[in-house]
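Summary of structural features
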Amino acid sequence: MLGFLLVLLSSVFFCVQNVVVRILFAEQPLLGVGTTGGFLTPTLHNSFLLLLLRMLLAVPLMGLLTTRLHPTIWRDVRQLGNEDKQRALAHAIAGGLLMFTYLALLYVSIGLIATAIALTLFFTFPIFTALLSWRFLGQRPSAAQWGIMGCIMAGSALTIPAEQWTGGGSLWGVFLGIASGVAYATYTVNAQKSFEVLHPLTYTWLSFALTLLLSAICLVIWPIANLQDLDWAPIWMWSLISGIVTFSGHMLYNSGIKHIGATLAAMLGSANPALTVVLAWVTIREVLNAVQLLGVGVVTASVASLGRFKK
């Protein structure tokens with residue numbers, strides 16, 4: 001039960017992160033008391049900028065918190081240079097590369113096709129997680145689990161407003177959207193394997209630190225023009241909020257994986273789009289139609305039925 005609670009709580013943090021990104025990219029009403037947002041245009045360069053700012057704030061904050069929750073984290077990091085810690089080092093490096101890869105692929109996909117389609121393609125990751133867990137962890141999903149997984153993804157698709165499905169695009173956008181889901185699935189399976197030799201908090205912090213480094217490299221290679229014209233005060237404020245909820249969500253999610261495994265964690269995580277719609281309805285007053293409410297109901301019922309499964 002603890003694993004389920006950790007993953008569900010992580011989903012709440014990820015939903016807040018999704019809403020914050022919406023606010024940064026487009027003006028939104030906030031809790032019915034005013035409007036805010038639209039500080040950046042949704043381009044690939046600005047997406048990398050937000051990723052960098054998020055990690056720039058999240059990495060030190062996470063380091064401070066993790067030191068209290070897992071006091072030996074810095075000893076763990078130093079020991080990765082030892083010859084007997086090569087497997088742990090490989091998992092840590094793979095985690096950072098995979099986290100950056102799935103985010104980069106998703107951002108590029110969003111730039112090529114409609115956002116709703118890109119996110120729906122990304123949230124096929126539970127299928128790939130189940131297949132990878134079956135292949136590398138020996139955890140074969142049951143027929144009931146496959147069915148519940150399908151219901152969760154179908155319900156999540158129903159929560160996306162119909163008008164967001166329109167828009168031009170390319171097959172490359174579709175391919176990259178699916179590839180981002182594969183990369184994230186690989187990240188979660190790698191996480192479960194790494195927990196045999198690494199603490200979940202150590203693994204998560206290292207993933208964030210490497211993602212920060214790679215984001216900085218990308219912006220050096222592809223710099224953003226007219227940075228001085230940006231409204232930096234709200235960008236930093238919302239980036240701080242995004243950083244806090246991002247590292248909290250990943251810490252909880254990876255800790256949940258240790259308890260219930262990557263497959264069940266992914267199945268719970270696939271409810272994220274539906275939860276985001278509900279949170280957006282509460283915070284930025286997005287209207288829910290009957291089809292979206294049906295989707296939320298399907299996801300809720302499906303997630304509730306997962307409680308009878310164990311790792």
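Before reading on, note that the structure itself is shown above.
Let us look at the structure shown here.

What counts and what doesn't
- Residues numbered from 1 in each chain as written.
- Predicted model: local features only at pLDDT ≥ 70, side-chain atom pairs only at ≥ 80, totals over all residues.
- Heavy atoms only, no water.
- Helix = DSSP H or I, 4+ residues; strand = E, 2+ residues; numbered from the N terminus.
- Buried < 20%, exposed > 50% of the residue type's maximum accessible area, 1.4 Å probe, protein only.
- Contact = heavy atoms within 4.5 Å.
- Areas by Shrake-Rupley, 256 points an atom, 1.4 Å probe, with all protein chains shown as cover.
- Salt bridge = Lys/Arg side-chain N within 4 Å of Asp/Glu carboxyl O.
- Core = buried A, V, L, I, M, F, W, Y, C linked by side-chain atoms within 4.5 Å.
- Arc of directions from axis to C-beta.
- Patch = residues over 30% accessible without salt bridge, like charges linked within 9 Å, V, L, I, M, F, W, Y side chains within 5 Å.
- Axes fitted to C-alpha atoms, helices over the stretch in contact; angles between N-to-C directions.
- Parallel < 35°, antiparallel > 145°, perpendicular 65-115°, else oblique.
- Left-handed = near helix turned anticlockwise from the far one by under 90°.
- Nonpolar A, V, L, I, M, F, W, Y, C, P; charged D, E, K, R; others polar.

Within the protein, the secondary structure is distributed over twelve helices and two strands. Counting from the amino terminus, helix and strand elements in the protein follow one another as α-β-β-α-α-α-α-α-α-α-α-α-α-α. Going through the 311 residues of the protein one by one, you find that 51% of them count as buried. Put simply, 84% of the contacts in the protein that link residues at least 6 apart link residues at least 24 apart. Total accessible area computed for the protein in this model is approximately 14000 Å², and 70% of it derives from carbon and sulfur atoms.

Let us now look at the pattern of salt bridges. A side chain with one charge may pair with a side chain of the opposite charge, provided their charged atoms come close. Scanning the model with the defined rule gives two salt bridges in all. Measuring nitrogen to oxygen at the nearest pair gives 2.4 Å for the salt bridge that ties Arg-87 to Glu-196. In this pair, Arg-87 is assigned in helix α4 (residues 86-112) and Glu-196 in the loop between α8 (171-194) and α9 (200-221), connecting sequence segments 109 residues apart. Given a relative accessible area of 41%, Arg-87 falls into the partly exposed group. In this structure, the salt-bridge partner of Glu-196 is Lys-193, at a minimum N-O distance of 3.8 Å. For Lys-193, a relative accessible area of 25% corresponds to the partly exposed category. If you follow the salt bridges from partner to partner, you end up with Arg-87, Lys-193 and Glu-196 in one network.

Further remarks concern the nonpolar core. Membership of the largest hydrophobic core comes to 70 residues, with the highest contact counts inside it found for Phe-125, Phe-208 and Tyr-253. Mapped onto this core, the elements with two or more residues apiece are α1 (2-25), α2 (44-69), α4, α6 (125-137), α7 (143-158), α8, α9 and α10 (232-269). Ranked by residue count, the leading element in this core is α10, at 13 residues.

Turning our attention to α6. Buried within α6 we find Phe-125, Pro-126, Thr-129, Ala-130 and Ser-133. Relative to the axis of α6, the buried residues are bounded by an arc of 140° and lie together on one face. Phi turns positive one or two residues past the end of α6, at Gly-138, with a value near 70°.

A few words now on a nonpolar patch on the surface. A cluster of nonpolar residues, Leu-213, Ile-217, Val-220, Ile-221 and Trp-222, forms a patch on the protein surface that exposes about 530 Å² of accessible area. Positionally, Trp-222 belongs in the loop between α9 and α10.

For the pair α6 and α8, interaxial distance at closest approach is 8 Å and the crossing angle is 40°. One element, α6, and the other, α8, form an angle in the oblique class. Relative to α8, the crossing made by α6 is right-handed. Contacts between α6 and α8 involve Phe-125, Phe-128, Thr-129, Leu-132, Ser-133, Phe-136 and Leu-137 from the first element and Ile-178, Gly-181, Val-182, Tyr-184, Ala-185, Thr-186, Thr-188, Val-189, Gln-192 and Lys-193 from the second. Taken together, the residues that form the contact of α6 with α8 break down as ten nonpolar, six polar and one charged.

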